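Working through the structure, step by step
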Amino acid sequence: MTTYQLSVNGQRKEVDVDPTTPLLWVLREELKMTGTKYGCGISACGACTVHLDGIASRSCVIPVSLIGNRPIVTIEGIGADPVGRAVQDAWVDKDVVQCGYCQSGQIMTAVALLKDKPRPTDTNIEESMGGNLCRCGTYVRIREAIKGASAQLK
Amino acid sequence: MFATRSLVVRSFLAMFVVFASWLALASVNITNGQTTATDARPADGLAEWQRVYSVLTFPRCINCHTATNYPQQGDDRHRHFANVIRGPDGKGVAGLNCASCHQEKNSDATGVPGGHNWHLAPLSMRWQDPNDRPLSSAAVCRALIDRAKNHGLDAPGLLKHHEEEPLVLWAWDPGRRPDGTLRALPPLTHVQFVEATRRWVAAGTPCPKGP
């Protein structure tokens, strides 16, 4: 076991875990932050997406030992960001969610997209969101919500 | 008289042998313990190039030198999963970057390979055709030495790239697959690869003829 100091949603967190533990399980099991979901466990579905130093990252495959001092932002903290707030509002406005399991990952990826491209085209949306799977098939509403959030951003 | 003439001939022969030996040795420099042919024949250079080519077209290398909008993975060079695409600078797109999974080091615990600045090679350095078939030895060679395609690298620059570039070095330390087994290594060791490159460069970076 090794002790790690992490920056999670702007707060310092100390965890004592095996260095190979994926960030996902540090968040869920050690810090009890269960908003980030376990989907496939092999970075194929996007349910576990968090922001690592601003980059949408698949927390299920990144061991805690490779985090370093990069700040982590999760679905619990993204609402404090103006883009994150706009995306979450748009998600509610468009009633995107069906079962909801994948949606925290969808939102984290959408925020990363809009931070890079505040006015994304359909192609931009397809390319950036293409790695986030939704078994309920809410893709059309996700696209509408991203465009809605984009419209709210100045 | 005859004995004197014989002595002169023998002396001449001996001097000739010494001179020829010196000439042969002079064609090889020893730098940092490594031998470098300075007047290697083009045929030798072509043979060394083929050894270099055998590495460049190995999956650990060619999987990120695609002609398509996506990287490949695995020894069977299948399309990268999760709908990963190239993006404008070869690092994916916002929300789905290479760095979304690939960190500075391999993660043997999760089977995700990693290295500094993980990215696809530019399309100008594609070593495959659009149908994912490796380009010919001649075509890869021509592209490699074309400074308009290779980020302006001259021959020493290519050698340095093969010696030091972190993602080149990664090919010999590719870590474990998700099932825990070790990824396959290129057909040459890194030392052999660099030495083959060095000899190819010393021979003037000759390329095979052909399409």
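For clarity, every value in this text was computed on a predicted model and none was experimentally measured.

Assigned secondary structure in chain A consists of five helices and five strands. Its helices and strands in sequence order give chain A the pattern β-β-α-β-β-β-α-α-α-α, from N to C terminus. In summary, chain A has a C-alpha radius of gyration of 15 Å against a globular reference of 15 Å for 154 residues, a match within 12%. Counting only C-alpha atoms, chain A reaches 45 × 30 × 25 Å along its principal axes. Across chain A, the fraction of contacts at a sequence separation of at least 24, relative to all contacts at a separation of at least 6, is 60%.

Right, let's get into the interface of chain A and chain B. In this assembly, 24 residues from chain A lie in contact with 21 residues from chain B. Secondary structure elements with two or more residues in the side of chain A that touches chain B: strand 4 (55-58), helix 3 (103-116) and helix 4 (122-129) of chain A. Considering every element that reaches the side of chain A that touches chain B, the biggest residue donor is helix 3 of chain A, with five residues. Of the residues that constitute the side of chain A that touches chain B, the class distribution is 12 nonpolar, seven polar and five charged.

With that out of the way, let us pick up unusual backbone geometry. Despite not being glycine, Lys32 of chain A has its phi angle at roughly 60 degrees, a positive value. A residue is classified by how many C-beta atoms lie within 10 Å of it, and Lys32 of chain A, with 7 of them, is exposed. Notably, Asn117 of chain B is not glycine yet its phi reads approximately 60 degrees, a positive angle. Structurally, Asn117 of chain B can be placed in the loop between strand 6 (96-97) and helix 4 (137-145).

Attention now moves to the domain arrangement of chain A. Residues and elements named next belong to chain A. The domains assigned to chain A are domain 1 (2-73) and domain 2 (78-152). Spacing between the C-alpha centres of domain 1 and domain 2 amounts to 21 Å. Across the contact, 13 residues belong to domain 1 and 11 residues belong to domain 2. Its residues assigned to classes, the side of domain 1 that touches domain 2 shows six nonpolar, six polar and one charged.

Okay, the environment of Arg58 of chain A next. Note on placement: Arg58 of chain A falls in strand 4. For Arg58 of chain A and Lys154 of chain A, which are 96 residues apart along the polypeptide, the C-alpha to C-alpha distance reads 29 Å. Not counting the four nearest positions on each side in its chain, Arg58 of chain A is found in contact with Ser43, Cys48 and Thr49 of chain A together with Ser100 and Cys101 of chain B.

Below, the discussion takes up the nonpolar core. Residue and element names in this part refer to chain A. Val87, Ile107, Met108, Ala110, Val111 and Ile146 are the most contacted members of the largest nonpolar core, which has 51 residues in total. Of all the secondary structure elements, the ones that give two or more residues to this core are strand 1 (2-8), helix 1 (23-30), strand 3 (49-52), strand 5 (72-73), helix 2 (82-93), helix 3, helix 4 and helix 5 (139-152). For this core, the element with the highest residue contribution is helix 3, accounting for seven residues. Every residue in contact with Ile146, bar those within four places of it in the chain, is listed here: Ala110, Leu113, Leu114, Pro120 and Ile125.

All names here are of chain A. Bridge count between strand 1 and strand 2 (residues 11-17): seven bridges; the pairing is antiparallel. What sits directly across from Ser7, in strand 2, is Arg12. In this antiparallel pair of consecutive strands, strand 1 and strand 2, the connection spans two residues, and Asn9 shows a positive phi of 50 degrees.

This paragraph deals with the pairing of strand 3 of chain A. Residues and elements named next belong to chain A. Covered by surrounding structure in strand 3 are Thr49 and His51 together with Val50 and Leu52, the residues of both alternating faces. Alignment of strand 3 against strand 4, held across four bridges, turns out to be antiparallel. The partner of Val50 across the bridge, within strand 4, is Ser57. Counted between consecutive antiparallel strands, the loop separating strand 3 from strand 4 contains two residues, among which Asp53 sits at a positive phi close to 55 degrees. Bridge count for strand 3 against strand 5 is two bridges, and the pairing is antiparallel.

The next subject is the confidence of the model for chain B. On average, residues of chain B score 87 in pLDDT, and 81% of them reach the 70 mark or higher. Both scores are given for the predicted complex: the pTM is 0.87, the ipTM 0.96.

This brings us to the environment of Glu195 of chain B. Residues and elements named next belong to chain B. By the element assignment, Glu195 lies in helix 7 (residues 190-202). Judged by local crowding, Glu195 falls into the partly exposed class, with 17 C-beta atoms found within 10 Å. Spatially, the C-alpha atoms of Glu195 and Ile85 are 34 Å apart, while their sequence positions differ by 110 residues.

Cut-offs applied
- Residues numbered from 1 in each chain as written.
- Chains lettered and ligands numbered in written order.
- Predicted model: local features only at pLDDT ≥ 70, side-chain atom pairs only at ≥ 80, totals over all residues.
- Helix = DSSP H or I, 4+ residues; strand = E, 2+ residues; numbered from the N terminus.
- Rg over C-alpha atoms; globule rule 2.2 N^0.38 Å.
- Contact = placed C-beta atoms within 7 Å.
- Nonpolar A, V, L, I, M, F, W, Y, C, P; charged D, E, K, R; others polar.
- Buried ≥ 20, exposed ≤ 12 C-beta atoms within 10 Å, placed from the backbone.
- Domains from an automatic or database assignment.
- Core = buried A, V, L, I, M, F, W, Y, C linked by C-beta atoms within 7 Å.
- Pairing = 2+ DSSP bridges.
- pLDDT = per-residue confidence, 0-100.

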